[in-house]
Amino acid sequence: MIEISGLRKTYRSRRGSVVAVDGVDLAVGEGDVYGVLGRSGAGKSTLLRCVNMLERPDAGTVTVDGLELTGLRTRELRPARHRIGMIHQHFALLSSRTVAGNVAFALEVTGVPRAERKSRVAELLDLVGLTERADAYPAQLSGGQKQRVGIARAIAARPKVLLSDEATSALDPETTDSILRLLLDLNRRLGLTILLITHEMAVVKRICTSAAIMRDGRFAESGPVTELLQQP
Ligand code: ADP
Ligand code: ADP
């Protein structure tokens, strides 16, 4: 579902250049939950942002669901990105819109006709367990509820792939567990392929089938979680 080959990304500034991703190869199968574990600065976020082409890599290829994104022009990228949802540590919700409004907005920008939106919003809120909070504003929600809105919005366009950027890092352990259970549930019910980045080993152990440990822009090790995270 996700294939990355020879990926490289360097940031250049007046203070010099930083090689953030330094030759990464990765294959994530359909329906997999894949984790990239590493400390701050390892290059995880840059890697993830190259998968949906929020960053253009300097070298290498990214293919999602059979479509090579690195071969597309900028204006071809926008529709292609709809096959990839993304969730964030700080949720990135629209504060002036209700829960339903945030989800409806995601449907609107992906071209879902107005007539279909209401039922799709209801369906999505049901999937993430937020039906009761449809008319609340983000400021009235708990962290876990905010992330549920983030997830509903990310899967609104029925993507095959969900990217998670430290989605539980701002949450307490109990809430983290409920969000991870929701992600696993969506993985199983919708066949959603998940690629997540985290600095927490516990997150990888809890939901990932395979993982990589990232250090200095490279994958130091990778493989099935059962083998990778065994104590030596
Ligand atoms: P992680 O997500 O693992 O914390 P990042 O991908 O954010 O790692 O960062 C990898 C390296 O790239 C770090 O050295 C970071 O300082 C640098 N970096 C990230 N984003 C930028 C940017 N926009 N401009 C310059 N350097 C950046
Ligand atoms: P705004 O666009 O000003 O944020 P709303 O937040 O009131 O407007 O609603 C936006 C969209 O969400 C509309 O398409 C509406 O049909 C849908 N919607 C609003 N409330 C609900 C609800 N409780 N259940 C399902 N859909 C809803």
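Predicted, not measured: the structure shown is a model, and the values here were computed from it.

Draft legend 1. Up close: the pairing of strand E10 (residues 218-224). When strand E9 (residues 210-215) meets E10, the two strands line up antiparallel, connected through 6 bridges. Across the sheet, the residue bridging to Ala 211 is Gly 223, located in E10. Joining the antiparallel neighbours E9 and E10 is a turn of 2 residues, in which Asp 216 adopts a positive phi near 50°.

Draft legend 2. Representation of the sheet that holds strand E1 (residues 2-13) in the model. If you trace the 4 strands from one edge of the open sheet to the other, you get E2-E1-E4-E5, paired in antiparallel fashion. Strand pairing shows two members of the sheet lacking a second neighbour, strand E2 (16-28) and strand E5 (67-68), which therefore form its edges. Relative to strand E4 (residues 59-64), E1 runs antiparallel, the two sharing 5 bridges. In the sheet register, Ile 4 faces E4, and the bridge partner there is Val 62.

Draft legend 3. Spatial organisation of the site of ligand 1. Around ligand 1 lies a shell formed by Tyr 11, Val 18, Ala 20, Arg 39, Ser 40, Gly 41, Ala 42, Gly 43, Lys 44, Ser 45 and Thr 46. A distance of 3.1 Å is found between an oxygen atom of ligand 1 and a backbone nitrogen or oxygen belonging to Ala 42. Contacts to ligand 1 include Gly 43, whose backbone N or O atom sits 3.0 Å from an oxygen atom. When ligand 1 is considered free in solution it has 560 Å² of accessible area, and contact with the protein chains removes 58% of it. For the shell around ligand 1, the secondary structure elements donating two or more residues are E2 and helix H1 (44-51). Residues that form the shell around ligand 1 fall into these classes: 4 nonpolar, 5 polar and 2 charged.

Cut-off values and rules
Residues numbered from 1 in each chain as written. Chains lettered and ligands numbered in written order. Predicted model: local features only at pLDDT ≥ 70, side-chain atom pairs only at ≥ 80, totals over all residues. Heavy atoms only, no water. Pairing = 2+ DSSP bridges. Helix = DSSP H or I, 4+ residues; strand = E, 2+ residues; numbered from the N terminus. Near = heavy atom within 4 Å. Polar contact = N/O pair within 3.5 Å; in protein donor to acceptor, adjacent residues only side chain to side chain. Areas by Shrake-Rupley, 256 points an atom, 1.4 Å probe, with all protein chains shown as cover. Nonpolar A, V, L, I, M, F, W, Y, C, P; charged D, E, K, R; others polar.

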